[in-house]
Amino acid sequence: MRLILASQNPGKLREMRDILSGLGVEVVLQSELGLQVDVEETGTTFRENAMLKAEAVCRASGLPAIADDSGLCVDALQGAPGVYTARYGGPGLDDAGRCQLLLRNLRGLSPRTCHFESAIACVFPDGTALTAAGRCDGTVAYAPMGTDGFGYDPIFFVPRLKKTFAQLTAEEKNAISHRGQALRAFQAQLAAWLDGEKKETE
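Summarised in this report is the structure supplied together with it. Source: prediction; values computed, not measured.

Before going further, it helps to spend a moment on the pairing of strand β5 (residues 129-140). Looking at chain direction, strand β4 (residues 113-123) and β5 are connected through 11 bridges and run antiparallel. Note that in β5 the partner of Cys114 across the bridge is Gly138. Here β4 hands over to β5 after five residues, with Gly127 in that stretch at a positive phi of 95°. Bridge count for β5 against strand β6 (residues 156-158) is two bridges, and the pairing is antiparallel. Note that in β6 the partner of Thr139 across the bridge is Phe157.

Printed below as a string of C-alpha cells:
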C-alpha cells in the first residue's frame, strides 16, 4: 500500500518510513506525485489540523493520505507555540530562528517543562479515517545542542537521557518521541484495518 504524506518535510517522511516500513507500507511525499496542496491549518487542535491536511491530499490525489500535526507546548508560555509551532514568529524564520525566538521568550521564566505532542491522521478515498496521538515530556534546554533531527529538536531536552532530541540517533528518538508513539499506535490500527479489508475480500 502507498500512503501520500501531506507534508513537504523530509524529516517527517524519514521517521514515518522507518516506523511503517514493517507493514509493507510505502510512504511518499505529495511532491513526488507532482502535488502542491497548501492547506490552511485552521484547527484548534493537532488532530483537527492533521485531518484537514490528510483530507485535502486524499481528495487531490484520489489515494490514501497520511498527515501529522505536531507541536511543542511550553508550560511557562501557557502552552505556546502549540498548534502554531511551525509558524512561530511568522514566515520569515527558519528552524534555528524559531528556536532562538522561543529561548528569548522564555528567558527569566520558569518552569522550563514542556512536551511535544503529535497527532496522526490517515484518510482513505472511501471516507475511512484512522487517527492516533503521542506525547513526549521534556524541558527546554538553555541553548541548542546537537545537529540531528529538525525543528525544535536541538532545544527539546530529555532529562532521563541527558540529551536533546538532536543529540539522539534516529533509533533512539523514534523509540521515545511523540511522533514515534503516535506512529506505532497508528501502525496497530492500520494493521487491524488491513486485516479486516483482507478478510472482506476472501
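The discussion continues.
On inspection of all chains with the given rule, the structure shows 12 salt bridges. Of the charged contacts in the structure, one is a salt bridge between Arg17 and Glu32, with a shortest N-O distance of 3.7 Å. On the criterion of sequence distance, the pair formed by Arg17 in helix α1 (residues 10-20) and Glu32 in the loop between β2 (26-29) and α2 (46-61) is long-range, its members being 15 residues apart. Glu32 gets classed as partly exposed once you look at its relative accessible area, which sits at 47%. Where salt bridges share partners, they join Lys12, Glu15, Asp68, Asp153, Lys173 and Arg179 into one cluster.

The next subject is the environment of Gly22. Assignment of secondary structure puts Gly22 in the loop between α1 and β2. Gly22 sits in the exposed class, given a relative accessible area of 68%. Measuring from C-alpha to C-alpha, the distance between Gly22 and Gln187 comes to 9.1 Å, with 165 residues separating the pair along the chain.

Every α-helix winds through 3.6 residues per turn, so residues three or four apart in the chain are directed the same way. In this model, α2 (16 residues) spans 23 Å end to end at C-alpha, consistent with the 22 Å of a helix rising 1.5 Å per residue. Against β1 (2-5), α1, β3 (65-74), β4 and β5 lie the buried residues of α2.

Moving on to the side chain of Ser7. Positionally, Ser7 belongs in the loop between β1 and α1. On the basis of relative accessible area, Ser7 is assigned to the buried category, the value being 12%. In terms of polar contacts, Ser7 uses its side chain to reach the backbone amide nitrogen of Asn9, at 2.9 Å. In this structure, Ser7 is in contact with Lys12, Leu29 and Gln30, ignoring residues within four places of it in sequence.

As a further point, take the sheet that holds β6. Neighbouring strands of a sheet are bound in pairs by backbone hydrogen bonds; such pairs are parallel or else antiparallel. Within the open sheet, the seven strands sit side by side as β2-β1-β3-β4-β5-β6-β7. Their pairing is mixed. Only two strands of the sheet have a single partner each, and these edge strands are β2 and β7 (163-164). Here β6 pairs with β7 via two bridges, running antiparallel. Across the sheet, Val158 pairs through a bridge with Lys163, a residue of β7.

Rules used in this analysis
Residues numbered from 1 in each chain as written. Predicted model: local features only at pLDDT ≥ 70, side-chain atom pairs only at ≥ 80, totals over all residues. Heavy atoms only, no water. Pairing = 2+ DSSP bridges. Helix = DSSP H or I, 4+ residues; strand = E, 2+ residues; numbered from the N terminus. Salt bridge = Lys/Arg side-chain N within 4 Å of Asp/Glu carboxyl O. Buried < 20%, exposed > 50% of the residue type's maximum accessible area, 1.4 Å probe, protein only. Expected span 1.5 Å × (residues − 1). Contact = heavy atoms within 4.5 Å. Polar contact = N/O pair within 3.5 Å; in protein donor to acceptor, adjacent residues only side chain to side chain.

This is a description of form; function is not addressed.
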